[in-house]
Amino acid sequence: AGAAGLSSAISAMEEGAKVLLLEKQSITGGSTARSGGKVLGAGTELMTEYNMDNNPDLLYDYLMEVGQDFINEDLLKPFVYGSADNLDYLSQHGVVFEDVEAVHSNLPIWWVHNTLGLSGMTDGHGGRISVPLTNSFEELGGEIVYNTAANELITNAEGKVVGVKGVKADGSVVTVNAKAVILATGGYAQNREMMARIPGDTGYYSSVPASNTGDGLVMAGAVGA
């Protein structure tokens, strides 16, 4: 139930699906709640309003440069060139953006869109994103099951994913049978073993929740992803 999970859940409900959202923690937000409440984007109405250079190509070139060999161009292109639509989507679901600032003081191009009241370098205010999305999901009739760590994908004889299992904080098992499952389980910065796979990266990051242990990757790998 971070930004990705909540957005996916809302979109599915708007398409007519009945959605159950499993959240490992006792609150929504995940890493989003720990963020500065800022969203990267280019080609947006807010940038035009501020008379800024609004060419998404500049953002694409910047990310290709800093990402070097780690960047997958096929994934980067929809991220960059769909970023204006992403911000519009968030706005339609209650997130308020008030201005734009440079991604870093050394860079002249401004791409960071600040949520309401969060101009300047801030941290831990991502609730300005996750709270409106949570409200939007619940207003549509969506259900969130808290304190439940999803840990296994259920597959049928053909190998299709038809549900998910999880464990609640009290140790009881939750089984959800579903026509479709969306994995939006955050990162793995709190998983020492996974972090050790990255060259030059040594481990824990205090800016992400303790729940970010790569559960989604483990579940998906177990069924052949």
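What you see is a predicted model; the values in this text were computed from it and never measured. (Residues numbered from 1 in each chain as written. Predicted model: local features only at pLDDT ≥ 70, side-chain atom pairs only at ≥ 80, totals over all residues. Heavy atoms only, no water.)

**Student:** Mind laying out the nonpolar core, listing which residues take part and the relevant values?
**Tutor:** Formed by 28 residues in total, the largest nonpolar core has its most connected members in Leu21, Phe97 and Phe137. Within the residue set of this core, elements represented by two or more residues are α1 (3-14), α3 (45-49), α4 (56-67), α5 (73-81), α6 (83-92), β3 (97-102) and α7 (127-139). For this core, the element with the highest residue contribution is α1, accounting for 4 residues. The contacts of phenylalanine 97, once residues within four sequence positions are left out, are Val39, Leu46, Leu87, Leu90, Ser91, His113, Asn114 and Thr115. Among the nonpolar cores identified, the runner-up in size contains 8 residues, and Leu22, Ala150, Leu153 and Met219 belong to it. (Core = buried A, V, L, I, M, F, W, Y, C linked by side-chain atoms within 4.5 Å. Buried < 20%, exposed > 50% of the residue type's maximum accessible area, 1.4 Å probe, protein only. Helix = DSSP H or I, 4+ residues; strand = E, 2+ residues; numbered from the N terminus. Contact = heavy atoms within 4.5 Å.)

**Student:** I'd like a rundown of the pattern of salt bridges, residues and numbers included.
**Tutor:** By the definition in use, this model includes 2 salt bridges. Between aspartate 215 and lysine 24 there is a salt bridge; the shortest N-O distance is 2.9 Å. In this pair, aspartate 215 sits in helix α9 (residues 215-222) while lysine 24 sits in the loop between β1 (20-22) and α2 (30-34), placing the two residues 191 residues apart along the sequence. Aspartate 215 gets classed as partly exposed once you look at its relative accessible area, which sits at 22%. Taking the shortest distance from any N to any O, the salt bridge between glutamate 101 and lysine 38 comes out at 2.6 Å. Of this pair, glutamate 101 sits in strand β3 while lysine 38 sits in strand β2 (residues 38-40), and the two are 63 residues apart along the sequence. A relative accessible area of 14% means that glutamate 101 is categorised as buried. (Salt bridge = Lys/Arg side-chain N within 4 Å of Asp/Glu carboxyl O.)

**Student:** Any chance you could break down the pairing of strand β6 (residues 148-155) for me, citing the residues and the numbers?
**Tutor:** Judged from the 7 bridges that link them, β6 and strand β7 (residues 161-168) form a sheet pairing that is antiparallel. Within the sheet, the bridge partner assigned to leucine 153 lies in β7 and is valine 164. (Pairing = 2+ DSSP bridges.)

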